Amino acid sequence: MLCTLCASQNFNLSPIQTDPSAPISWTSTPTSTKYYVSTHQPSLPALFASAKQGCHLCTLIRSELFHIRGHESEEEHHQGFVDLRVYITGEEEEKGWVGLDSYSGKQIQAVTRTNTRDVRVPLDFIRFEPYLESLLQEKAYNFDPNTGCSENFKLVTTWLSRCLRHHPLCTISTPPYPELPSRILDVACPMATSKLALIDTFGIQASYITLSHVWGKAQIITTTTSTLAERMEGIAMESLSNTFRDAVEVARQINVRYLWIDSLCIIQNDLADWEKESAKMGSYYSNALFNIAAVSSSDGSGGLFTSRNPRQMAPCPITVVFPSKDSIRDGKKIEGFLRASSGWDPVLQVAGFQRPPLWQRAWVLQERLLSTRLLMFSNMQMSWKCRQEEASESHTVHAEELIRVYNAWYDLVSLYTKCELTVASDIFPAISGIASCIASATQDRYVAGLWIRDIHRGLVWSAPDSTISKPDLRQYRAPSWSWASLRATSNF
């Protein structure tokens, strides 16, 4: 929902203007002081009133104003205008218009004049891929305050599918169907009346998810030697904490049958079992399809899901008329989204005394770092992190380049060449498994330790300790242009 003023943003009605004052509150300074302007609201009180009536964009700007200013006192005394400005680069100024290629990612400043200064709220105009654009529009028009809503589960499915299909750094680190932990919760168990039971896996291979949570001071449900048989017969949903129930709901909504929770899958009063299972916890988290993180919950009662106003952070669908090269025309009408540039979320606060409860727990450091994929629930929004992307309800998606795969390979080679090989001809077989995974994930061709698509970097290697070690070159190891040709540490 947009108010009348937000629904008609037209930067083509204004001539280029100059900003004489230095910006105070931006996250990124524009490369030019020239801008086009579109009138937004006549005053801050008008903006606040529109936000309270449900305008998505006004709510988004009001929320960002609060973060920038830190308070909303004396807001009735701030009678200054509110306008939107799109700044242009020197190249765009020469052309006399904003080029089509620069629309997506263009920063738009919401500027308001208070009693003492101008305050600027940086917004990004974004155009997403069609499949994601459709989903975000659905979320915007069907506002559900709960982070456990059906639209969010569709978003999780999209993030997961994208990762499994297009992220080699993630797929090479986890097998598609790993061996399950020794015991696991079957959230769709046909033998349990409650459809939830603890089972022995006996080496079964399947996808599963894990949970990171804060136990807290209140007693939560656990498995002990006296309750083990009972847990395997079935577990009533009513006996679970809010966090555990929500985790089961996530597993069922994403159609993953198995869920691992430490307090239920490890026998808590059996020291031998605890020592054996705790030693495997690293592999349990690293092999999981993803790990659910209850970031803002200080105990089991907190749960994963929370209610909030999604208009305060969700990207806002909008049609913007950008300046046109031809002043006779009506400008370039572009459909896209406006989102806050800051993208603040408690999950980002991993250090300091203001860390959310989960990040304060020592055991979770291992769980967070070893998990290939993290699905995080804070008191603000749901977010996602894998080896190649970070995404959330407000910021989707920041992808990293494939070059990281090759960088990881070169780092591996540097470590590998420091090791000793008894048989020189084993130089390639000893790392063939890793090379095979990278080749499958990148669809690249592997030649004597180098990759065809990155051959220009692969050939630029050095072996600084080769003169000291005086390698025996009489025994063939690899082509002379390959790092594997010398028995020495290789650097790239």
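The structure we're discussing is the one just above.
This report concerns the structure included in the present document.

Considerations on the overall build of the chain
Piece 1. Within the chain, the regular secondary structure consists of 16 helices and 19 strands.
Piece 2. A separation of at least 24 residues holds for 70% of the contacts in the chain among residues at least 6 apart in sequence.
Piece 3. Counting every atom, the chain has about 23200 Å² of accessible surface; 53% of that belongs to carbon and sulfur.

A look at the packing of aromatic side chains
Aromatic ring pairs are reported here in terms of the distance separating the ring centres and the angle at which the planes meet.
Piece 1. The tally for this structure, following the rule as stated, stands at ten aromatic pairs.
Piece 2. Look at tryptophan 260 and tyrosine 285: their rings are 5.7 Å apart centre to centre, the planes differ by 85°, and that puts the pair in the edge-to-face class. Separated by 25 residues along the polypeptide, tryptophan 260 in strand E10 (residues 258-260) and tyrosine 285 in helix H11 (residues 281-287) bring together distant segments of the chain.
Piece 3. Owing to a relative accessible area of 0%, tryptophan 260 belongs among the buried residues under this scheme.
Piece 4. Relative accessible area serves as the criterion here: at 1%, tyrosine 285 is assigned to the buried category.

Examining empty space enclosed by the protein
Piece 1. The tally for this structure, following the rule as stated, stands at one cavity of 30 Å³ or more.
Piece 2. Within this model, the largest cavity holds a volume of roughly 100 Å³.
Piece 3. Taken together, 13 residues line the largest cavity, and the ones lying closest to its centre are Lys139, Ala140, Phe143, Pro310 and Ala314.
Piece 4. When residues in the lining of the largest cavity are grouped by element, the largest group, three residues, is from helix H4 (residues 130-141).
Piece 5. Residue composition of the lining of the largest cavity, by class: seven nonpolar, one polar and five charged.

A look at the pairing of strand E15 (residues 382-386)
Piece 1. Summarising burial for E15: four of the five residues are buried, a large majority.
Piece 2. Sheet topology places strand E14 (residues 373-377) next to E15; five bridges connect them, and they run antiparallel. If you follow methionine 376 over to E15, its bridge partner there is serine 383.
Piece 3. Hairpin connection from E14 to E15: four residues lie between these consecutive antiparallel strands.
Piece 4. Two strands pair when backbone bridges link them, and E15 and strand E16 (residues 389-392) are joined in this way by three bridges, in the antiparallel orientation.

What about a nonpolar patch on the surface?
Piece 1. On the surface, a cluster of nonpolar side chains totalling about 430 Å² of accessible area is made up of Ile452, Ile455, Leu459, Val460 and Trp481.
Piece 2. Looking at where isoleucine 455 falls in the secondary structure, it is placed in helix H15 (residues 455-458).
Piece 3. Using a relative accessible area of 30% as the deciding quantity, one classes isoleucine 455 as partly exposed.

Let's talk about the pairing of strand E7 (residues 183-186)
Piece 1. Side chains of E7 alternate between two faces, with Arg183 and Leu185 and Ile184 and Asp186 buried alike.
Piece 2. Direction of pairing for E7 relative to strand E8 (residues 197-200): antiparallel, over a ladder of four bridges. Residue pairing in the sheet places aspartate 186 in a bridge with alanine 197 of E8.
Piece 3. Where E7 lies against E10, two bridges are found, and the strand directions are antiparallel.

Here we look at the environment of tryptophan 461
Piece 1. For tryptophan 461, the position within the fold is in the loop between H15 and helix H16 (466-469).
Piece 2. Residue classification places tryptophan 461 among the buried positions, given a relative accessible area of 19%.
Piece 3. Note: C-alpha distance between tryptophan 461 and phenylalanine 492 (31 residues apart in sequence) is 4.7 Å.
Piece 4. In this structure tryptophan 461 touches Ser480, Trp481, Ser482, Trp483, Ser485, Leu486, Ser490, Asn491 and Phe492, once residues within four positions along its chain are discounted.

Description of the packing of H4 against helix H5 (residues 150-166)
Piece 1. At a closest axis distance of 10 Å, the pairing of H4 and H5 adopts a crossing angle of 165°. Between H4 and H5, the interaxial angle falls into the category roughly antiparallel. Relative to H5, H4 is oriented so that their crossing is left-handed. Between H4 and H5, the contacting residues are Tyr131, Leu132, Leu135, Glu138 and Lys139 on the first element and Glu151, Asn152, Lys154, Leu155, Thr158 and Arg162 on the second.
Piece 2. Of the residues in the contact of H4 with H5, the class split is four nonpolar, two polar and five charged.

Observations regarding the nonpolar core
Piece 1. In this structure, Val250 and Phe290 are the most contacted members of the largest nonpolar core, which totals 59 residues.
Piece 2. Counting residues per element, this core draws most heavily on H5, at six residues.
Piece 3. The next biggest cluster of nonpolar side chains, apart from the first, holds 30 residues, and it includes Tyr36, Leu60, Ile318 and Ile334.

Reading the values: the criteria
- Residues numbered from 1 in each chain as written.
- Predicted model: local features only at pLDDT ≥ 70, side-chain atom pairs only at ≥ 80, totals over all residues.
- Heavy atoms only, no water.
- Helix = DSSP H or I, 4+ residues; strand = E, 2+ residues; numbered from the N terminus.
- Contact = heavy atoms within 4.5 Å.
- Areas by Shrake-Rupley, 256 points an atom, 1.4 Å probe, with all protein chains shown as cover.
- Phe/Tyr/Trp six-rings, centres within 6.5 Å; stacked < 30°, edge-to-face > 60°.
- Buried < 20%, exposed > 50% of the residue type's maximum accessible area, 1.4 Å probe, protein only.
- 1 Å grid on protein atoms, 1.4 Å probe; cavity = no way out; pocket = protein on both sides within 12 Å on 5 of 7 lines; lining within 4 Å.
- Points joined across faces, edges and corners; volume = space filled by probe spheres on them.
- Nonpolar A, V, L, I, M, F, W, Y, C, P; charged D, E, K, R; others polar.
- Pairing = 2+ DSSP bridges.
- Patch = residues over 30% accessible without salt bridge, like charges linked within 9 Å, V, L, I, M, F, W, Y side chains within 5 Å.
- Salt bridge = Lys/Arg side-chain N within 4 Å of Asp/Glu carboxyl O.
- Axes fitted to C-alpha atoms, helices over the stretch in contact; angles between N-to-C directions.
- Parallel < 35°, antiparallel > 145°, perpendicular 65-115°, else oblique.
- Left-handed = near helix turned anticlockwise from the far one by under 90°.
- Core = buried A, V, L, I, M, F, W, Y, C linked by side-chain atoms within 4.5 Å.

Any functional reading would require information that these geometric values do not contain.
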